[in-house]
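Overview (structure and organization)
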Amino acid sequence: MKALRFHAAKDLRLEDIAAVPAPGPGQVTIRNRFVGICGTDLHEYSYGPIFIPKEPHAFTGAQGPQVLGHEFGGVVTAVGEGVTHVAPGDRVSVQPLIMPRSGDYFADRGLFHLSPDLALAGLSWISGGMAEAALLNDYNVVRIPDSLTDEEAALVEPTAVAVYACDRGGVVAGNSVLVTGAGPIGMLTLLAAKAFGATTLFVSDLNDTRLEIAQRILPGVITLNPKRDDIGARIRAATEGGVGCDVALECVGNEKALGSCLDAVRKQGVIVQVGLHPGNSGLDWFTVTFKDVDVRGSWAYPTHLWPRVIDLIATGAIPASKVVTKKIRLEEAVTEGFDTLLDPAGTHLKILIDLT
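Not measured: the values here are computed from a predicted model.

**Observations concerning the sheet that holds strand β12 (residues 200–204)**
Hydrogen bonds along the backbone pair up the strands of a sheet, which may run parallel or antiparallel. In space, the 6 strands of this open sheet follow the order β13-β12-β11-β14-β15-β16, with parallel pairing throughout. On the outer flanks of this sheet lie β13 (222–224) and β16 (294–297), each paired with one strand and no other. Averaged over all pairs of adjacent strands, the angle between their axes in this sheet comes to 20 degrees, without regard to strand direction. Relative to β16, strand β15 (residues 265–273) runs parallel, the two sharing 4 bridges. Paired with V270 across the two strands is D294, which belongs to β16.

If you want it as structure tokens, here you go:
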């Protein structure tokens, strides 16, 4: 089968590789339909290996060359012994986290995403979404309703990141919310915050093209560019009592953006760090204390979120497909996908690879 595999930074190869093996007990094989290119994939392509193991993964044994892609869905082609929740022909969305199901502190408490042995399909597993087929564990596939399209099945994973970020921020109806970064995760986080009932939404980004896209996707969002706007002052001026926003969600992984969140959030507000910082970042901890704010991390998502996120997308509560700006074929993935998304002009948000 054809697959796009990571060999080294700037070295992705479209290759013919062996077909996935028949599923063993508790396993499922699927024919992949659509897969999204994630920011994590872009980081691996640019600077990797980062999450792709250099030595065999402690739990899965996987190592490079790695089939990329962890935002995907497909159609079940075969199931192994003991699998009863899906059958051949079922359309599924892939929950890509792979880890022990028991035997460590977090797994025993159902906090599978916090397991120290965590692996991901498309980063540290035999299979990924950027191939014609994938072998997965039974808990990695969730059947989707007819009301969810194949394209939307591939958007459940990044939307789960956004929903969990809003959960971590405690976003509730009537809140004012700032999202820093108008990339795919930032836009999905804005859409999730609106679905949670937030009524005043702000988004900041250095790229005016992305801010224009944000206004098209979510009319009424207040767009800010740190190059010309004082983020904190603008947000205080637009919030009740001039105190700042209730929740600030940092979706870039940028020190200045995190500082903007602290400046913009009200006293006793909440800051959620969603984007991954590449190194140590300074924060004005005097202001953290003085403003009595909460600063929280948001790592991936609990695996039990899948049915909830599927329902949010399928019902239109989170119109996730609005972030898709381009669809390409696997043969075009590097030039029309990875390289396009790394263009500083930033004219695209989410690019899906069509494997049908």
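Continuing now.
**Some words on the side chain of H57**
In this fold, H57 is placed in the loop between α1 (39–47) and β4 (66–67). The exposure class assigned to H57 is buried, which follows from its relative accessible area of 15%. Here H57 is in contact with A62, D117, L118, A119 and S124, once residues within four sequence places are set aside.

**A word on the environment of G232**
Residue placement: G232 occurs in helix α6 (residues 231–237). Taking C-alpha positions, G232 is 4.1 Å from A264, a pair spaced 32 residues apart along the chain. Aside from chain neighbours lying at most four places away, what touches G232 is D263 and A264.

**Details of the packing of aromatic side chains**
Applying the stated criterion across every chain, the model contains 5 aromatic pairs. The interplanar angle of 65 degrees and the centroid separation of 5.3 Å between the aromatic rings of Y45 and F338 together place this pair among those described as edge-to-face. Of this pair, Y45 sits in helix α1 while F338 sits in helix α10 (residues 333–341); the two residues are 293 residues apart in sequence, bridging distant segments of the chain. Judged by relative accessible area, which is 5%, Y45 ranks as buried. For F338, a relative accessible area of 0% puts it in the buried group. Of note, R101 hangs over the ring of F112, and the distance from its end group to the ring centre comes to 4.0 Å.

Analysis parameters
- Residues numbered from 1 in each chain as written.
- Predicted model: local features only at pLDDT ≥ 70, side-chain atom pairs only at ≥ 80, totals over all residues.
- Heavy atoms only, no water.
- Pairing = 2+ DSSP bridges.
- Helix = DSSP H or I, 4+ residues; strand = E, 2+ residues; numbered from the N terminus.
- Axes fitted to C-alpha atoms, helices over the stretch in contact; angles between N-to-C directions.
- Buried < 20%, exposed > 50% of the residue type's maximum accessible area, 1.4 Å probe, protein only.
- Contact = heavy atoms within 4.5 Å.
- Phe/Tyr/Trp six-rings, centres within 6.5 Å; stacked < 30°, edge-to-face > 60°.
- Lys NZ or Arg CZ within 6 Å of the ring centre and 35° of its normal.

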